[in-house]
Amino acid sequence: MKSKLQSIVLFGLVAISIETVAAQSLLEAIVTPFRQKEIVPVDNKQYQDECGSCHFAYPPGLLPTKSWEKMLTAEALPNHFGDNAELDADTLKVIYDYAIANAADKSYYKRSRKIAIATEKIEAPLRITEVRYIKRKHHELSEKMVKGNKDVKSLSYCDACHTQAAKGVFDADTVKIPNHPDWED
Ligand code: HEC
Ligand code: HEC
């Protein structure tokens, strides 16, 4: 699979070097069957421990590189959404490198691709919940299902409803909204 993928990438580079729109859409057509459905789950212990202590450890594939570059700095982390999420320099480097390597725009998983496309031409969002694609997927949820729900509190707590979030699975079939078993009606 990997070597096949590599040759596809190589072919893709050749195709892009021709610099035609046709070559690019051909590349897209070839790569599509290799896409994975959901999102890569967190598989780095330091990231899991440090970034999962206050909230769900968001898989890096939920935001593009430019967002992680903005968020994961020694200057930004002490003032992280009103909290202090400061890290020592060594830990920060591990977490930064891990997030950058697995950012949405570097992934072929379906949700990451959608997020990469939705954020391509805009300034780096700091919130996943601000990404157009994510907003659109939740716009039918009522206030009382989210903010007014004592077991959810905000859309930022993905794992309150997405029961398989830790496995990187966000499909509608695995959703359970606390106190609203009938959300689909
Ligand atoms: C000291 C607690 C704390 C730690 C540690 C922490 N965060 Fe946060 N984080 C927060 C709070 C508070 C929010 C805002 C939640 C809300 O609005 O309900 C937040 C929000 C976020 C969001 C935006 C979620 C959204 O609304 O889309 C991201 C992304 C994020 N954190 C990533 C990280 C990463 C990566 C780390 C590890 C470096 C980390 N956080 C560590 C407290 C923390
Ligand atoms: C209040 C519960 C709740 C929270 C919190 C929540 N979601 Fe969802 N999410 C849903 C529901 C319900 C759906 C299905 C919507 C539909 O299909 O009508 C959904 C759909 C999605 C989808 C699309 C699934 C599909 O099959 O197309 C993605 C991706 C997603 N959520 C990601 C997230 C992320 C990332 C977070 C955290 C930043 C989050 N969600 C927080 C309830 C929630």
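Please refer to the structure placed before this passage.
Right, let's walk through the structure included here. (Residues numbered from 1 in each chain as written. Chains lettered and ligands numbered in written order. Predicted model: local features only at pLDDT ≥ 70, side-chain atom pairs only at ≥ 80, totals over all residues. Heavy atoms only, no water.)

## Points about the coordination of the iron atom of ligand 2
Part 1 of the argument: The iron atom of ligand 2 binds to the protein through His-138 (NE2) and His-162 (NE2); the donor distances cover 2.0 Å.
Part 2 of the argument: Taken together, the six donor atoms coordinating the iron atom of ligand 2 and their angles of 89 to 180° define a geometry best described as octahedral. Taken as a pair, His-138 in helix α7 (residues 132–138) and His-162 in the segment after α7 lie far apart in primary sequence, 24 residues in all.
Part 3 of the argument: By relative accessible area, His-162 is classed as buried at 11%. (Donors = N, O, S within 2.8 Å, 3.2 Å for Na, K, Ca; no water. Tetrahedral: all angles 85-135°; square planar, octahedral: opposite > 155°, others 65-115°. Helix = DSSP H or I, 4+ residues; strand = E, 2+ residues; numbered from the N terminus. Buried < 20%, exposed > 50% of the residue type's maximum accessible area, 1.4 Å probe, protein only.)

## Details of the site of ligand 2
Part 1 of the argument: Taken together, 22 residues lie around ligand 2, and Lys-137, His-138, Cys-158, Cys-161 and His-162 are the ones closest in.
Part 2 of the argument: His-162 places a polar side-chain atom, nitrogen or oxygen, 2.8 Å from a nitrogen atom of ligand 2.
Part 3 of the argument: Between ligand 2 and Ala-172 there is a distance of 3.3 Å, counted from an oxygen atom to a backbone nitrogen or oxygen.
Part 4 of the argument: The class makeup of the residues in the shell around ligand 2 is 15 nonpolar, four polar and three charged. (Near = heavy atom within 4 Å. Polar contact = N/O pair within 3.5 Å; in protein donor to acceptor, adjacent residues only side chain to side chain. Nonpolar A, V, L, I, M, F, W, Y, C, P; charged D, E, K, R; others polar.)

## Some details on the coordination of the iron atom of ligand 1
For a metal with four tetrahedral donors the ideal donor-metal-donor angle is 109.5 degrees, while six octahedral donors give ideal angles of 90 or 180 degrees.
Part 1 of the argument: Protein-derived ligands of the iron atom of ligand 1 are His-55 (NE2) and His-80 (NE2), with the metal-ligand distances lying across 2.0 Å.
Part 2 of the argument: Coordination at the iron atom of ligand 1 comes from six donor atoms whose angles at the metal span 87 to 179°, giving a geometry best classed as octahedral. Of the two residues, His-55 is situated in the loop between α3 (45–51) and α4 (65–71) and His-80 in the loop between α4 and α5 (89–101); the sequence distance between them amounts to 25 residues.
Part 3 of the argument: The exposure class assigned to His-55 is partly exposed, which follows from its relative accessible area of 23%.
Part 4 of the argument: A relative accessible area of 16% means that His-80 is categorised as buried.

## What about the packing of aromatic side chains?
Part 1 of the argument: Following the criterion strictly, the structure yields three aromatic pairs and no others.
Part 2 of the argument: Taking the centre distance of 5.7 Å and the plane angle of 85° together, the rings of Phe-56 and Tyr-58 count as edge-to-face. Each member of the pair, Phe-56 as well as Tyr-58, is classed as buried.
Part 3 of the argument: Among the aromatic residues, those joined into a cluster by ring pairs are Phe-56, Tyr-58 and Phe-170. (Phe/Tyr/Trp six-rings, centres within 6.5 Å; stacked < 30°, edge-to-face > 60°.)

## As for a positive patch on the surface
Part 1 of the argument: Taken together, the side chains of Lys-37, Lys-110, Lys-114, Arg-132, Arg-136 and Lys-137 make up a positively charged region of the molecular surface.
Part 2 of the argument: Those elements giving two or more residues to the positive patch turn out to be α6 (110–119) and α7.
Part 3 of the argument: When residues in the positive patch are grouped by element, the largest group, three residues, is from α7.
Part 4 of the argument: Tracing the backbone through its elements, the reader meets Arg-132 in helix α7. (Patch = residues over 30% accessible without salt bridge, like charges linked within 9 Å, V, L, I, M, F, W, Y side chains within 5 Å. Areas by Shrake-Rupley, 256 points an atom, 1.4 Å probe, with all protein chains shown as cover. Salt bridge = Lys/Arg side-chain N within 4 Å of Asp/Glu carboxyl O. Lys, Arg positive; Asp, Glu negative; His and termini not counted. Charge placed at Lys NZ, Arg CZ, Asp CG, Glu CD.)

## Here's the deal with the environment of Tyr-98
Part 1 of the argument: Its place among the elements puts Tyr-98 in helix α5.
Part 2 of the argument: For the pair Tyr-98 and Tyr-47, spaced 51 residues apart in sequence, the C-alpha to C-alpha distance is 7.8 Å.

Function cannot be read off these values alone, since they describe shape.
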